Each structure stands twice: as C-alpha cells, then as structure tokens.
Amino acid sequence: MHLYRHDIDRNVVADMLKYAEYVVNRGWVCNTLGTVAARVTHPKYGYVIYTKRKGISLEEMGCDDIAITDGTGNLLHGKGTPSIGHQLNREVLLHRSDINAVIHLHVREIIALFTVLGNQTRLNADAFPLEFCKPSHSSETFKRLRFISDDAPLVHRRYIYVLEKEINVEADASMVKDFVQYTNCFVMPNHGITSFGKDISEAYYRLHTAVEEVGRIISAIQVAANLKVLTGKKMKIPYVSEKDVKQMFKIGRELIYGKK
Ligand SMILES: [Zn+2]
C-alpha cells in the first residue's frame, strides 16, 4: 500500500458511507454492482479516488471496504481492488475537472423505461420522452431525455443523455470522453444510471432527481394512455421546451444552492 493511515480523509470515508446508506434506503441497490466514487486532492498523486472495493455491496460496505486508487487506477489503499466499473469513474474525473464525485447504480425504473424505449419506434412524437441532439462543439448526434418538470433541469443543469443499448462504458470507458462534457448524468439502457457532481451530495441530488423525473414520465405516459382510452383522443405530454430548459440550466445553481 502507498498511503499511510493518516493520509486517509475520514470525512470522505464518512460521506461515502452516508450516501451509500441513502441510496440503499431508497431501494436502488440490489447486489454488489453499483458504486460511489469521490476525488480528493493529494500532494503526491495530484488526486486520489475513493471508491468501494470489488465483491461487496453498498449495503454491506464499511470503512474497511473503501479502496483508494490514483488517477490511473493503481491501488494505493484497501483490502481489494475496485470493480471493473472504476475505469468509468476515472474517465469521468479525468475529463471533467469541475466534477469530484460519481455515483453509478442499477435502478429498476431506469432500466425498465429505457430498455422498453430502446425498442419502441411507434410512440407518437408528442409523447416520446427522448429526442436527438447535436452539441455545438461535437460532430456527433446523441440521444437525450426530455424534461417534464421544472426542478429536474434546475438540478441537472445539463440534459440527461441516453446511450445506445449496445454501448457499455463500464466495460469499456473509452467512449466516455465523447459525451461527458455535455451532461451531468447518463443512462445505459438494460443497465443503469451514472450521475456526477462537484461533490457526492450534488451527484446524489442529480441521481435522485433523475430517478424521480423518470418516475414522473412513466406516470405521465400511463395517464395519457388511460385518458386516450376514456376520451378517444390522442393525449400530448407537454414536455418543457428547450428554451425554458436552457433558462433553468442557467439559473439552476443560484436557485437550488443559493450561489452563482
Ligand atoms: Zn453497472
């Protein structure tokens, strides 16, 4: 090991355990998969990354199950190495200097909605919660989630991206750099969700907000379908317009956190 006990930031470990408990209590963890990662500056390594060791769940995790690596993934402290998904944490942190925490989880509602949408091509455009986008500095087209609420864009401050179902950036993180600048949260259909923030708290708020927003969209689709049966009329789902979303991205930090 390359870190002494006094090198370990107990506040970060306590934060990791606290937020692991939060996500467990919300029913978002069902096995050893899923993790929390936090970047901490370090005089020798520039920064180190705290995360969970492989083979234990966030539900069971204790202080001794924290693994600490350098930015390239070398284990500096811990009983075992992190899981293969740690390369995803490392890539996000490498390409986003404004981000210090990543949460990745396999949440039921996320997998349900996006796995079904991945195969669905016949929903009418007004109801469909995904749309294509081309960020101004990219030559690539991506898929993003439309917002149904005002609070989700305020908290996220960027669109939630949805990857193609064949792409697994947990197994091969080389594509993370292609889109990580444009979002603070992305979904892998059939798999799960990854959110990030300036600290674990912000990553948690974004993850919680994304799960809530997806739940609202699922409810809206169900209500629209039921009303169509009752009225015989096709029901629109009035997603928030791009103009309004962009305005909320702009004012989000001040409105949510009280600072610019
Ligand atoms: Zn995963």
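Here, the structure is the one placed above.
Thresholds, definitions, all that
- Residues numbered from 1 in each chain as written.
- Predicted model: local features only at pLDDT ≥ 70, side-chain atom pairs only at ≥ 80, totals over all residues.
- Helix = DSSP H or I, 4+ residues; strand = E, 2+ residues; numbered from the N terminus.
- Rg over C-alpha atoms; globule rule 2.2 N^0.38 Å.
- Buried ≥ 20, exposed ≤ 12 C-beta atoms within 10 Å, placed from the backbone.
- Contact = placed C-beta atoms within 7 Å.
- Core = buried A, V, L, I, M, F, W, Y, C linked by C-beta atoms within 7 Å.
- Domains from an automatic or database assignment.

## Notes on the overall build of the protein
Working step 1: Helices and strands together make up the secondary structure of the protein, namely seven helices and 10 strands.
Working step 2: Relative to a compact globule of 260 residues, whose C-alpha radius of gyration would be 18 Å, the protein shows 19 Å and is just as compact.
Working step 3: Projected onto the principal axes, the alpha-carbon positions of the protein cover approximately 70 × 35 × 35 Å.
Working step 4: When the 260 residues of the protein are sorted by exposure, 38% land in the buried category.
Working step 5: If you take every contact in the protein between residues at least 6 apart in sequence, the share linking residues at least 24 apart comes to 62%.

## What about unusual backbone geometry?
Working step 1: Phi at arginine 157 takes a positive value of approximately 60°, unusual for a residue other than glycine.
Working step 2: C-beta crowding within 10 Å serves as the criterion here: with 18 such atoms nearby, arginine 157 is assigned to the partly exposed category.
Working step 3: In the Ramachandran plot, asparagine 190 falls in the positive-phi region, its phi being about 65° despite a non-glycine side chain.
Working step 4: In this structure, asparagine 190 sits in the loop between strand E9 (185-188) and strand E10 (192-197).
Working step 5: Asparagine 190 gets classed as partly exposed once you count the C-beta atoms within 10 Å, which come to 13.

## Let's talk about the nonpolar core
Working step 1: Counting 56 residues, the largest nonpolar core has Val36 and Val187 as its most contacted members.
Working step 2: The greatest single-element share of this core, amounting to nine residues, is contributed by helix H6 (residues 200-231).
Working step 3: When residues of this core are sorted by domain, at least three fall in each of domain 1 (1-83) and domain 2 (104-260).
Working step 4: If we skip the residues at most four places from it in the chain, valine 187 touches Ile110, Phe114, Ile160, Val162, Leu163 and Ile193.
Working step 5: Membership of the second largest hydrophobic core comes to seven residues, among which are Phe147, Ala152, Val155 and Tyr239.

In short, geometric facts, not functional conclusions.
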